Amino acid sequence: MGGSFDPIHLGHLVAASEAAHRFDLDRVVFSPTGESYHKQTDTRAPSEVRYLMTVVATAADPRFHATRVDIDRPGPTYTAETLKDLQSAFAEESGGQDAEWFFITGADALADILGWRDPDRILDSAHLVGVTRPGHVLEDPGLPQDRVSLIEIPALAISSTDIRRRVAAGAPIQYLVPSGVAHLIDKYRLYRSA
Ligand code: NAP
């Protein structure tokens, strides 16, 4: 599961759990993105802190794991590289065992995939799962239907943008993020300015 996770929230966790259920997944590996390539102006948390929040948020669920592959790779995060790194790590760890791969992310992020680096390689190596907010209408990005699935997740009414705004405005974020994530936001004084 790829995302900025700036911060990770309960909508992401519900989406991962729902995708795991629908596709009978053994694990969901959360990969926070590395360096930003399009968001130069907002108050993003550093990648190490986004990773730390992801570790804390996923700690209690045995199916969930966090990976550093994207934050440790220099330069922008390309999904083709994310998948390549995760697949080679898994091949090494499992002694070459076969696995079926899914790439889960926000459906609006996925809508641009044909403009990403190596879209054919991504489509060859994983089934794509786009998770959507209720009422969100997706434009058809022209992807092969048998390689892409969309799931509507009511809990995705929660958004990272809204949480950052709430923190900046001094509004509560309790029950929108796991409590450990709320503690980290407070400890590192994240998102204080709008
Ligand atoms: P983003 O701009 O942070 O998010 C776009 C929208 O999708 C937001 O509404 C966001 O909601 C939602 N979203 C993002 N990740 C999600 C997730 N895991 N679950 C549910 N909703 C999610 O998107 P991004 O983080 O840059 O990109 C998402 C993924 O696509 C990353 O893994 C990134 O590496 C990959 N990507 C790859 C390329 C490429 O290969 N060239 C280009 C763009 C993106 P929230 O803010 O609430 O999360």
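Our subject is the structure that appears above.
Source: prediction; values computed, not measured.

How each quantity is defined
Residues numbered from 1 in each chain as written. Predicted model: local features only at pLDDT ≥ 70, side-chain atom pairs only at ≥ 80, totals over all residues. Heavy atoms only, no water. Buried < 20%, exposed > 50% of the residue type's maximum accessible area, 1.4 Å probe, protein only. Helix = DSSP H or I, 4+ residues; strand = E, 2+ residues; numbered from the N terminus. Arc of directions from axis to C-beta. Contact = heavy atoms within 4.5 Å. Near = heavy atom within 4 Å. Polar contact = N/O pair within 3.5 Å; in protein donor to acceptor, adjacent residues only side chain to side chain. Areas by Shrake-Rupley, 256 points an atom, 1.4 Å probe, with all protein chains shown as cover. Nonpolar A, V, L, I, M, F, W, Y, C, P; charged D, E, K, R; others polar. 1 Å grid on protein atoms, 1.4 Å probe; cavity = no way out; pocket = protein on both sides within 12 Å on 5 of 7 lines; lining within 4 Å. Points joined across faces, edges and corners; volume = space filled by probe spheres on them. Pairing = 2+ DSSP bridges. Axes fitted to C-alpha atoms, helices over the stretch in contact; angles between N-to-C directions.

1. Thoughts on helix 7 (residues 160-169)
Taken together, the buried positions of helix 7 are S160, I163, R164 and V167. For helix 7, the angular spread of the buried residues around the axis is 100°, confining them to a single face. Those residues of helix 7 that are exposed and angled more than 90 degrees off the buried face are R165 and A169. The inward-facing, buried residues of helix 7 abut helix 1 (10-23) and helix 8 (179-187).

2. Quick notes on the site of the ligand
Taken together, 26 residues are adjacent to the ligand, and S4, H9, H12, R133 and S160 come closest. H12 is positioned with one of its side-chain polar atoms (N or O) 2.7 Å from an oxygen atom of the ligand. Notes on the ligand: free accessible area 850 Å², of which the protein chains cover 87%. For the shell around the ligand, the elements supplying multiple residues, two or more each, are strand 1 (2-3), strand 4 (102-106) and helix 5 (107-110). Element by element, the count of residues in the shell around the ligand is highest for strand 4, at three residues. Grouping the constituent residues of the shell around the ligand by class yields nine nonpolar, 13 polar and four charged.

3. Some points on the layout of surface pockets
Summary: where empty space remains is shown by rolling a probe the size of a single water molecule over the atoms. By volume, the second largest pocket is sized at about 650 Å³. Looking at the lining of the second largest pocket, the elements with two or more residues in it are strand 2 (28-32), helix 4 (79-94) and strand 4. When its residues are assigned to classes, the lining of the second largest pocket shows 14 nonpolar, six polar and six charged.

4. Quick look at the sheet that holds strand 4
Taken in spatial order, the three strands line up as 4-5-6 in an open sheet, and their pairing is parallel. Lying at the two open borders of the sheet, with one neighbouring strand each, are strand 4 and strand 6 (148-152). Across the sheet, the mean angle separating the axes of adjacent strands is 25° when strand polarity is ignored. As paired strands, strand 5 (residues 127-132) and strand 6 are joined by five bridges and run parallel to one another. Looking at the pairing, G130 lines up with L150 of strand 6. Along the sheet, helix 1 makes contact with strand 4, strand 5 and strand 6, crossing strand 6 at roughly 125°.

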